[in-house]
Amino acid sequence: MSKEETKDLIKFLAPFNDNIKELALWLRDFIWDLYPTANELIYDNYNAVAVGWSPSDRVGHIFCSIAIYGNKDVHFGFYWGAKINDPEKKLLGKGSQYRYIKVTTQKEFPKTYIKKLMKEAYVYSLAKIKIEAEAKKSKPQNIKGATIVKSISEKKKRPGIIPLKKK
């Protein structure tokens, strides 16, 4: 299982403070425990470390994610959040796709509510995969429960983060 594959992610999280690292890893475990056959797609990007979970290996199929931009909070988001029901209006974002909440502590994280949203987002991602396969835009793949580093940006700009000095 990929839940134990943390070496790369720990390295990417190194510039962040201990509270943010702990929160990001706790959220990661929360997702893995609910969706152990999903694939973890890791992006060590220019301005954030982002980790998405997908039934496939494609970014367009991500159903939920965490993103770390600085040392204040972690974003817990839904790649297709605009397409899922948010009856309590907890999700932030006004764009045509992505929605998220800011998480600053484990205690404040609305687990029960987020689980409901995750379930709907996962079903949406599976439907998207099926539609694409039927239209022959993509072939179904058999990757399950893998951790995949999708990108590593050489240059980093992270608000509130002092870059690590090269040894």
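You'll find the structure just up there.
So, how was this worked out
- Note on numbering: residues in each chain are counted from 1, in written sequence order.
- Note on the predicted model: pLDDT of at least 70 is required for a residue's local features to be given, and 80 or more for side-chain atom pairs to be given and counted; whole-chain, interface and lining totals, by contrast, use all residues.
- Neither water nor hydrogens contribute to the side-chain values; these are computed over all heavy atoms in the structure.
- Paired strands are those between which DSSP finds at least two bridges.
- The numbering of helices and of strands both runs from the N terminus, where a helix is a DSSP run of H or I of at least 4 residues and a strand a run of E of at least 2.
- To define axes, lines are fitted to C-alpha atoms, for helices over the stretch in contact only, and angles between the resulting N-to-C directions are given on a 0 to 180 degree scale.
- The contact rule is simple, with two residues in contact once any of their heavy atoms fall within 4.5 Å.
- Relative accessibility under 20% of the residue-type maximum defines a buried residue, over 50% an exposed one, and the middle range a partly exposed one, all with a 1.4 Å probe and only protein chains included.

Within the open sheet, the six strands sit side by side as S5-S4-S3-S2-S1-S6. Their pairing is mixed. Strand pairing shows two members of the sheet lacking a second neighbour, strand S5 (99-103) and strand S6 (147-152), which therefore form its edges. Shown here is a sheet whose adjacent strand axes are inclined to one another by a mean of 20°, direction ignored. Here five bridges tie strand S2 (residues 49-54) to strand S3 (residues 64-68), and the two strands are oriented antiparallel to one another. Across the sheet, residue Ala50 finds its bridge partner in S3, namely Ala67. Packed on one face of the sheet, helix H3 (residues 111-134) meets S3, strand S4 (74-78) and S5 and runs near 45° to S4.

Before going further, it helps to spend a moment on the pairing of strand S1 (residues 39-44). Summarising burial for S1: six of the six residues are buried, a large majority. Summarising the sheet, S1 and S2 pair through six bridges and their orientation is antiparallel. Within S2, the residue paired with Glu40 across the bridge is Trp53. Between the end of S1 and the start of S2, which pair antiparallel, lie four residues. Bridging between S1 and S6 involves five bridges; their strand directions are parallel. Following the sheet pairing, Glu40 is matched in S6 by Thr147.

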